[in-house]
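Report on the structure
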Amino acid sequence: GLAALEAGRARLGAGRPEMLEAVTSAHLRPTPRVAEGRWLGAAAGVHAMMDCSDGLATDLGHVCRESRVGASVALDRLPVDTAAREIAAVLDADALSWSTSGGEDFELLLTCDPAEVDALRDGLGRATGTALTVVGKIGALEAGLTFLDAGGLPVAMRAGYEHFSG
């Protein structure tokens, strides 16, 4: 949404106003996941949860540091909106980079007991209509935070926003 606003309607073309509206409204008027957070907060098997407002790479990094674990994220599992992919193509940008390093998404990021994933997915869907997407695994601290391509190979992704960086 921010990239679309910065580029402007003229650069994106006037032929797809619904695409522009989809991404800019998500940026300007994000939907807080309050009901989802409450439901997940009360559910069995959730270990950690936060909003993902500073980018997945940064926020998952915070969870890993505080929990003293590592994590791997399968980039091909990230739910990237079709309109975001289309805007990225027009702007010659990388939609996956936006989804790992961008911010202001305000989606929820959680870790959970693997045995509870199906129950959490089904329960959250029934309670709120929101999909729960498994994008990776928690592992040993020494593994750090790794992003993997569709073939399972590590891919470098830049960090998102850091509030107290120098």
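The paragraphs below set out a description of the structure included in this document. (Residues numbered from 1 in each chain as written. Predicted model: local features only at pLDDT ≥ 70, side-chain atom pairs only at ≥ 80, totals over all residues. Heavy atoms only, no water.)

**Topic: the overall build of the protein**
Counted only if it meets this: The way it works is that DSSP assigns letters per residue, a run of H or I at least four long becomes a helix, a run of E at least two long becomes a strand, and they are numbered from the N terminus. Only C-alpha atoms enter the radius of gyration, while the globule expectation follows 2.2 Å times N to the 0.38, with N the number of residues. Relative accessibility thresholds used throughout: buried, under 20% of the residue-type maximum; exposed, over 50%; partly exposed, between the two (1.4 Å probe, protein chains only). Any two residues whose heavy atoms approach within 4.5 Å at even a single point are treated as in contact. Calculation of accessible area relied on Shrake-Rupley with a 1.4 Å probe; when residues are assessed, cover is drawn exclusively from the protein chains displayed. Just so you know, the count uses Lys and Arg for positive and Asp and Glu for negative, and it drops His and the chain ends. Note on charges: their place is set at NZ of Lys, CZ of Arg, CG of Asp or CD of Glu.
When its secondary structure is counted, the protein shows seven helices and six strands. Its helices and strands taken in sequence order, the protein reads α-α-α-β-α-β-α-α-β-α-β-β-β from the N to the C terminus. For 166 residues, the compact-globule estimate of 2.2 N^0.38 gives 15 Å, and the C-alpha radius of gyration of the protein, at 17 Å, lies within 12% of that figure. Each principal axis of the C-alpha atoms in the protein carries an extent, and together these give about 50 × 35 × 35 Å. Looking at the protein as a whole, 33% of its 166 residues are labelled buried. For the protein, contacts bridging at least 24 residues in sequence account for 72% of all contacts bridging at least 6. On the protein, roughly 9,800 Å² of surface is accessible, and the fraction owed to carbon and sulfur atoms is 54%. Placing the 14 positive and 23 negative side-chain charges of the protein at their respective mean positions leaves the two points 2 Å apart.

**Observations regarding the nonpolar core**
Applicable threshold: Nonpolar cores were defined as sets of buried Ala, Val, Leu, Ile, Met, Phe, Trp, Tyr and Cys residues, with membership established by side-chain atoms within 4.5 Å.
One finds Leu56, Leu60, Val73, Leu78, Ile87 and Phe147 to be the most contacted residues of the largest nonpolar core, which totals 28 residues. Mapped by element, the contributors of at least two residues to this core are α1 (2–12), α2 (17–28), β1 (46–52), α4 (56–67), β2 (70–74) and α5 (82–91). Setting aside residues up to four positions removed in sequence, Leu56 forms contacts with Gly61, Val73, Leu78, Ser99, Thr100, Gly102, Leu109 and Phe147. Ala43, Leu110, Leu120 and Leu124 belong to the second largest nonpolar core, which has six residues in total.

**Details of the state of the cysteines**
Short version of the rule: Any cysteine sulfur atom paired with another within 2.5 Å is treated as part of a disulfide.
Under the defined criterion, the tally for this structure stands at zero disulfides. Of all cysteine sulfurs in the structure, the one in Cys64 sits closest to Cys52, which takes part in no disulfide; the separation is 12 Å. Free cysteine Cys112: the closest other cysteine sulfur is in Cys64, separated by 14 Å. Overall, Cys112 belongs to the partly exposed group, its relative accessible area being 21%.

**Observations concerning the pattern of salt bridges**
To be explicit about the condition: A pair is scored as a salt bridge if a Lys or Arg side-chain nitrogen falls within 4 Å of a carboxyl oxygen belonging to Asp or Glu.
One pass over the full model with this rule turns up four salt bridges. Here Glu21 ties to Arg29 by a salt bridge, and the two come within 3.3 Å at their closest N and O atoms. Classification of Glu21 as partly exposed rests on a relative accessible area of 41%. For the salt bridge of Arg33 with Glu36, the shortest nitrogen-to-oxygen distance reads 3.4 Å. Take Arg33: its relative accessible area is 23%, and that puts it in the partly exposed class. With a relative accessible area of 9%, Glu36 lands in the buried category. One connected set of salt bridges, linked through shared partners, spans Arg33, Glu36 and Glu107.

**A few points about the sheet that holds strand β6 (residues 154–155)**
The following threshold applies: Criterion used throughout: strands pair if DSSP finds at least two bridges between them.
The strand order β4-β2-β5-β6 describes an open sheet built from four strands, whose pairing is mixed. Two strands close off the open sheet at either side, each with one partner strand: β4 (136–139) and β6. As paired strands, strand β5 (residues 145–148) and β6 are joined by two bridges and run antiparallel to one another. Bridge pairing links Phe147 to Val155 in β6.

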